[in-house]
Amino acid sequence: MAALSSFADTPTAQPSEEDRLSLAFLKDRSTEKALLWCTEYLNEEGHGSLLPMTRKVMLQIYSDPTLTLDYLPTLGLPEFTRSATELALGRDSPAIRENRAGGVQTLGGTGAIRLGAELLQRWYNVGGARCGPVYLSSPSGGSVAATLQGAGISDIRSYRYWDPDKKGFSVAPLLEDLEVAPEQSVIVLYASAHCPTGAEPSQSDWKQIAEVMMRRRLFPFFLLPSQGLCWGDPAQDAWSLRYFVSLGFELLCAQSFSTNFGLYSDRVGSLLLVLKHSSLLLAVQSQAASVVHTLWSRPPGGGARLVTMVLNNPALLAEWKEGLRVMVERGMLIREKLKERLRMLGIPEFWDHVTQQRGLYCCTGLTEEQVQFLVMTCHVYLPASGCVNVTAISGRTLDHVAESIYLAVTSDLQEYRH
Amino acid sequence: MSLFTEVPQAAPVAVFKLTADFREDKHPSKVNLGVGAYRTDECQPWVLPVVRKVEQLIANDHGLNHEYLPILGLPEFRASASKIALGEDSPAINENRVGGVQSLGGTGALRIGAEFLRRWYNGKNNTATPIYVSAPTWENHNAVFSDAGFTDVRPYRYWDAEKRGLALAGFLEDLENAPEYSVFLLHACAHNPTGTDPTPDEWKQIAEIMERKKLFAFFDSAYQGFASGDLQKDAWAVRYFVSKGFELFCAQSFSKNFGLYNERVGNLTVVAKDSDNASRILSQMEKIVRTIWSNPPSQGARIVATTLTTPELFAEWKDNVKTMADRVLLMRSQLKAKLQALGTPGTWEHITQQIGMFSFTGLNPNQVGYLIKEKHVYLMASGRINMCGLTTKNLDYVAESIHETVTKIQ
């Protein structure tokens, strides 16, 4: 047998920024350390929060003697995709009534983005010009670009989103970028709870965005990663998506149930398709089945069953919604406390942006040098973008985090400048 | 005006269409021999008793949470899954050069392996490397590799329709003539759809050529334990290749042998030359996984890992697997006996010679059409039947229907 491996030239993959941060944090022996980046909603103990009803519903599902483990359909559990679609669009959405909105069950949000990307790559405007560029916000959530690339989409550009001077979202630069995007470009938009900044367009901003996109024939690919965890109300969190549908847009929306149901390892997601006619929906769904067939063949059953049960049982639904409100309130409280601590420490600037942003994430506005300082000197780990997951700040670490930020902002960081 | 106006309806997958047609059929004696899952003698799905037990353990274990698994999956699952394929005392495992990628069933494992090979095997992004799949093979093999970017997916001779067995000479010839570094997709056992496996001696001949011609072995192992009832026996080919020093991939599915179809449990076992190669390979596979499903579902992996690593549960599982394998063996021998008793023209030895869930009956498309339309016995156009669709109650009807078909239609 040949001595040399066929894979002798395969390099070690570069770890992602997220992985590097986690590893560095784990290795850090300091007693006062904090890891501020995570994609789960963390409880006070620093673990992905389990919703109160999850255990009892899972037990119910797996204790049911009539439960079989037969394959799900390729497109997923029909009751699940129907419920997911209704949750996103509202039960009385005209698109649902007209049978031109439907879902495909996917492996979490990533699976939905991948499926949507594959569909766009293969079938978007197949009769006309090839699918053009896909635009992501600047900055954008970790793996979205890589997932698009995995589907063969190579022309990925960005539109301005975070305004470092305003420390929030600015609509004017975004509109400028949309005006010059080639017609029929795909625009990836967070319906709510933007990752990684937490900054939100207002309703009037959304109206302007929709107007430009309609006029320039730009295609919306919405991301809805944690419906209900932005404003505490699923309907409000889907306002932008529903607005676009009401204007007659065709669109895709990648829904994840990881965070709002605490079902991270169950991989529950749905790719929502809204088309102009029901016949188009059927055709696109059949193509989605072909894509799914060679990616994961069929989706997993357990998590989708739980979500379906909760969304269709009034008592469980009410319990779930209450759980969302509690989670959102805690998030807001952490934001308030952080802002207050910084104020009391005498931080020279206003930190209102922390409480103006919503959802899991917060863009602190810290510069790269300041972030470096936090990581190297204060044992506080966050990505270079300066964005954090507010639920990663616990009662125990709040003081240290606040003091570290204060130091970062007020120290002379000559040595951290490149 | 929709931008999706030109999108055509995709052709339905044949086996799904068959099941849909079966469902629509109102005939009281209808039989579905195209079903893709194990069925009991009452024609019901079967959740393995050991699986029900472990599901309860998991549901009641408050120490378990639903946090994201690592990208490559549950460590205990990956280790125990690779171990079950390669053997407790596998030299490759002892030399620390085996890795696993928890995947979405066998399909997911194949896809990750294919995506990796396309990027890193035989040069960088060499989409022209020939991928050989058996003629015939599982209908999805072709598509998985071409969707991963390979442009040259070709058949290697496998099924000899005339002698109703392995086309060994043709197979070996295709191996000899394959360009160096071609990838060969091999069924570890219970070949789908023919149920015909090479003997150990034939595997040795296959391995000899593959080593000489530097061909890459990619095993598909979806039926370990289910084929003969013996885990070791069903893994013989994979373990033999490992013992000869091959680097190889083995896409494992636990859908059938654990009855965990909808939990989507699979593992891509990677056997590398050394541990350094293994970790580099896995690091690249991790990147690929991140862009498809990000991290895998936990439920099925926990069930399998718990079962494989707990002696009493492991024993119970082997017993459950044997129950399924034995029922299939019984149906094989009874079907053959009934056809022979009826004096059905042709030889029917292949029914008991073939192994696993499927049998390639040798019926031609006209005969298949007759069976479906006139007798309401559903099977694939290739003549493939799933033995699990047979029961003691429908055996007579099926045997008589085949007899009628073969005597009426040539």
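- The name an unreviewed UniProt entry assigns to chain B is Aspartate aminotransferase, from the organism Acipenser oxyrinchus oxyrinchus.
- Quoted verbatim from the Subunit (unreviewed entry) field of UniProt, the annotation for chain B is "Homodimer."
- You can read under Sequence similarities (unreviewed entry) in the UniProt record for chain B the words "Belongs to the class-I pyridoxal-phosphate-dependent aminotransferase family."

- If you check an unreviewed UniProt entry, chain A appears there as aspartate transaminase from Acipenser oxyrinchus oxyrinchus.
- Under the Cofactor (unreviewed entry) heading, UniProt states for chain A: "pyridoxal 5'-phosphate".
- Per UniProt, the comment on chain A under Subunit (unreviewed entry) is "Homodimer."

Comments concerning the overall build of chain B
So, point 1. Looking only at helices and strands, chain B features 16 helices and 13 strands.
So, point 2. The C-alpha radius of gyration computed for chain B amounts to 22 Å, which stays within 12% of the reference 22 Å derived for 410 residues, consistent with globular compactness.
So, point 3. Seen through its principal axes, chain B has C-alpha atoms that stretch 60 × 60 × 55 Å.
So, point 4. Taking all 410 residues of chain B together, 61% fall into the buried category.
So, point 5. Residue pairs at least 24 apart in sequence account for 76% of intrachain contacts in chain B once pairs closer than 6 positions are excluded.
So, point 6. When the accessible area of chain B is evaluated, it comes to approximately 15,100 Å², of which 52% is carbon and sulfur surface.
So, point 7. Placing the 43 positive and 45 negative side-chain charges of chain B at their respective mean positions leaves the two points 2 Å apart.

Re the overall build of chain A
So, point 1. Helices and strands together make up the secondary structure of chain A, namely 16 helices and 13 strands.
So, point 2. Its C-alpha radius of gyration of 22 Å places chain A within 12% of the 22 Å reference for a compact globule of 418 residues.
So, point 3. With the C-alpha coordinates of chain A rotated into their principal frame, the extents come out at 65 × 65 × 55 Å.
So, point 4. Here chain A holds 418 residues, and the buried ones make up 60% of them.

Focus: the packing of helix H8 (residues 200-212) of chain B against helix H10 (residues 236-243) of chain B
All names here are of chain B.
So, point 1. Here H8 crosses H10 at 40 degrees, and the two axes come no closer than 10 Å. Taken together, the axes of H8 and H10 lie oblique to each other. Two packed elements cross with a definite hand, and for H8 against H10 that hand is right-handed. Two secondary-structure elements touch here, H8 through Pro200, Trp203, Lys204, Ile206, Ala207 and Met210 and H10 through Trp236, Ala237, Tyr240 and Phe241.

Structural notes on the pattern of salt bridges
So, point 1. The tally for this structure, following the rule as stated, stands at 41 salt bridges over all chains.
So, point 2. Note that A:Glu183 and A:Arg217 form a salt bridge whose closest N and O atoms lie 3.2 Å from each other. On the criterion of sequence distance, the pair formed by A:Glu183 in the loop between helix H7 (171-180) and strand S7 (186-190) and A:Arg217 in the loop between helix H8 (203-215) and strand S8 (219-224) is long-range, its members being 34 residues apart.
So, point 3. Assessed through its relative accessible area of 40%, A:Glu183 is described here as partly exposed.
So, point 4. Assessed through its relative accessible area of 45%, A:Arg217 is described here as partly exposed.
So, point 5. With a closest N to O distance of 2.5 Å, A:Arg341 and A:Asp399 form a salt bridge. Here A:Asp399 lies in helix H16 (residues 398-410) and A:Arg341 lies in helix H13 (residues 314-345), a separation of 58 residues in the sequence.
So, point 6. For A:Asp399, a relative accessible area of 36% translates into the label partly exposed.
So, point 7. One network of salt bridges, in which partners are shared, links A:Arg114, A:Glu118, A:Arg122 and B:Asp147.

Topic: the sheet that holds S7(A)
Residues and elements named next belong to chain A.
So, point 1. The strand order across the open sheet formed by 7 strands is S2-S10-S9-S8-S7-S3-S4, and the pairing between neighbours is mixed. Where the open sheet ends on each side, the last strands, each with one partner, are strand S2 (101-107) and strand S4 (156-160). Strand-to-strand twist of the sheet, defined as the mean angle between neighbouring strand axes without regard to direction, takes the value 25 degrees.
So, point 2. Examined bridge by bridge, S2 and strand S10 (residues 268-274) share 7 bridges and lie antiparallel to one another.

Observations regarding the interface of chain A and chain B
So, point 1. In this complex, chain A contributes 80 residues to the contact, which on the side of chain B involves 78 residues.
So, point 2. Summing both sides of the interface, chain A and chain B together bury roughly 6,700 Å²; the carbon and sulfur share of this comes to 55%.
So, point 3. We note a salt bridge from A:Arg122 to B:Asp147, for which the minimum N-O separation is 3.3 Å.
So, point 4. The interface formed by chain A and chain B contains 40 residue pairs in polar contact (both at pLDDT 80 or more).
So, point 5. Those elements that place two or more of their residues in the side of chain A that touches chain B are helix H1 (17-27), helix H2 (54-63), helix H5 (108-123), helix H6 (144-150), helix H11 (278-295) and helix H12 (302-312) of chain A.
So, point 6. Per element, the largest residue contribution to the side of chain A that touches chain B is 10 residues, and it comes from H11(A).
So, point 7. Looking at the side of chain A that touches chain B residue by residue, the class counts come to 35 nonpolar, 30 polar and 15 charged.

Focus on the UniProt feature "domain: Aminotransferase class I/classII large" (unreviewed entry) in chain B
So, point 1. The sites that carry the UniProt feature "domain: Aminotransferase class I/classII large" (unreviewed entry) are, in the present numbering, residues 29-402 of chain B.
So, point 2. Across residues 29-402 of chain B, helical content stands at 45% and strand content at 15%; the span's end C-alpha atoms are separated by 14 Å.

Focus: the sheet that holds strand S9 (residues 248-253) of chain B
All names here are of chain B.
So, point 1. The 7 strands lie next to each other as S2-S10-S9-S8-S7-S3-S4, forming an open sheet whose pairing is mixed. Where the open sheet ends on each side, the last strands, each with one partner, are strand S2 (98-104) and strand S4 (153-157). The average undirected angle you get between the axes of adjacent strands in this sheet is 25 degrees.
So, point 2. Sheet topology places strand S3 (residues 131-135) next to S4; 5 bridges connect them, and they run parallel. Across the sheet, Ser134 pairs through a bridge with Tyr156, a residue of S4.
So, point 3. On the sheet, helix H7 (residues 168-177) packs against S4 and strand S7 (183-187) and is oriented at approximately 135 degrees with respect to S4.

With respect to the packing of aromatic side chains
So, point 1. Tallying each qualifying case throughout the model produces 46 aromatic pairs over all chains.
So, point 2. When the centroid spacing of 6.4 Å and the interplanar angle of 80 degrees are considered together, the rings of A:Tyr243 and A:Phe244 count as edge-to-face.
So, point 3. With 6.2 Å between their ring centres and 80 degrees between their planes, B:Tyr38 and B:Phe226 make a pair best called edge-to-face. Of this pair, B:Tyr38 sits in the loop between strand S1 (31-32) and helix H2 (49-60) while B:Phe226 sits in the loop between strand S8 (216-221) and helix H9 (231-234), placing them 188 residues apart in sequence.
So, point 4. Taking relative accessible area as the criterion, B:Tyr38 reaches 4% and is therefore assigned buried.
So, point 5. Counting every residue linked through ring pairs, the aromatic cluster contains A:Phe7, B:Phe116, B:Tyr121, B:Phe145, B:Phe150, B:Phe216, B:Phe218 and B:Phe249.
So, point 6. Its end group placed over the ring of A:Phe25, A:Lys33 keeps NZ or CZ at 4.3 Å from the ring centre.
So, point 7. Of note, B:Arg384 hangs over the ring of B:Phe358, and the distance from its end group to the ring centre comes to 3.8 Å.

Considerations on the nonpolar core
So, point 1. A:Phe244, B:Phe218 and B:Leu335 are the most contacted members of the largest nonpolar core, which has 244 residues in total.
So, point 2. Residue contacts for A:Phe244: discarding those within four places in its chain leaves A:Leu189, A:Trp206, A:Ile209, A:Ala210, A:Met213, A:Pro220, A:Phe222, A:Phe249 and A:Leu251.

Quick word on the side chain of B:Gln224
Residues and elements named next belong to chain B.
So, point 1. Its place among the elements puts Gln224 in the loop between S8 and H9.
So, point 2. Residue Gln224 is classed as buried on the basis of its relative accessible area, which comes to 4%.
So, point 3. Beyond its immediate sequence surroundings of up to four residues, Gln224 is in contact with Ile84, Ala85, Cys189, Leu231, Asp234, Ala235, Arg239 and Asn257.

Some details on empty space enclosed by the protein
Summary: where empty space remains is shown by rolling a probe the size of a single water molecule over the atoms.
So, point 1. Going through the model one piece at a time under the given rule, you end up with 6 cavities of 30 Å³ or more.
So, point 2. In this model, the largest cavity occupies a volume close to 180 Å³.
So, point 3. What lines the largest cavity is a set of 14 residues, among which A:Met58, B:Ile58, B:Ala59, B:His66 and B:Gln299 lie closest to the centre.
So, point 4. Counting only elements with at least two residues in the lining of the largest cavity, the list comes to H2 of chain A together with H2 and helix H12 (299-309) of chain B.
So, point 5. Of the residues belonging to the lining of the largest cavity, the class tally is 5 nonpolar, 5 polar and 4 charged.
So, point 6. Size it by volume and the second largest cavity reaches roughly 80 Å³.
So, point 7. Lining the second largest cavity, in full, are A:Tyr41, A:Leu229, A:Cys230, A:Met327, A:Val328, A:Gly331, A:Met332, A:Arg358, A:Gly359, A:Leu360, A:Val390 and A:Thr391.
So, point 8. Tallied by class, the residues present in the lining of the second largest cavity amount to 8 nonpolar, 3 polar and 1 charged.

Quick notes on the rules
- Residues numbered from 1 in each chain as written.
- Chains lettered and ligands numbered in written order.
- Predicted model: local features only at pLDDT ≥ 70, side-chain atom pairs only at ≥ 80, totals over all residues.
- Heavy atoms only, no water.
- UniProt positions renumbered as here; feature names shortened; annotations may be inferred.
- Helix = DSSP H or I, 4+ residues; strand = E, 2+ residues; numbered from the N terminus.
- Rg over C-alpha atoms; globule rule 2.2 N^0.38 Å.
- Buried < 20%, exposed > 50% of the residue type's maximum accessible area, 1.4 Å probe, protein only.
- Contact = heavy atoms within 4.5 Å.
- Areas by Shrake-Rupley, 256 points an atom, 1.4 Å probe, with all protein chains shown as cover.
- Lys, Arg positive; Asp, Glu negative; His and termini not counted.
- Charge placed at Lys NZ, Arg CZ, Asp CG, Glu CD.
- Axes fitted to C-alpha atoms, helices over the stretch in contact; angles between N-to-C directions.
- Parallel < 35°, antiparallel > 145°, perpendicular 65-115°, else oblique.
- Left-handed = near helix turned anticlockwise from the far one by under 90°.
- Salt bridge = Lys/Arg side-chain N within 4 Å of Asp/Glu carboxyl O.
- Pairing = 2+ DSSP bridges.
- Buried area = accessible area lost by both parts, 1.4 Å probe.
- Polar contact = N/O pair within 3.5 Å; in protein donor to acceptor, adjacent residues only side chain to side chain.
- Nonpolar A, V, L, I, M, F, W, Y, C, P; charged D, E, K, R; others polar.
- Phe/Tyr/Trp six-rings, centres within 6.5 Å; stacked < 30°, edge-to-face > 60°.
- Lys NZ or Arg CZ within 6 Å of the ring centre and 35° of its normal.
- Core = buried A, V, L, I, M, F, W, Y, C linked by side-chain atoms within 4.5 Å.
- 1 Å grid on protein atoms, 1.4 Å probe; cavity = no way out; pocket = protein on both sides within 12 Å on 5 of 7 lines; lining within 4 Å.
- Points joined across faces, edges and corners; volume = space filled by probe spheres on them.

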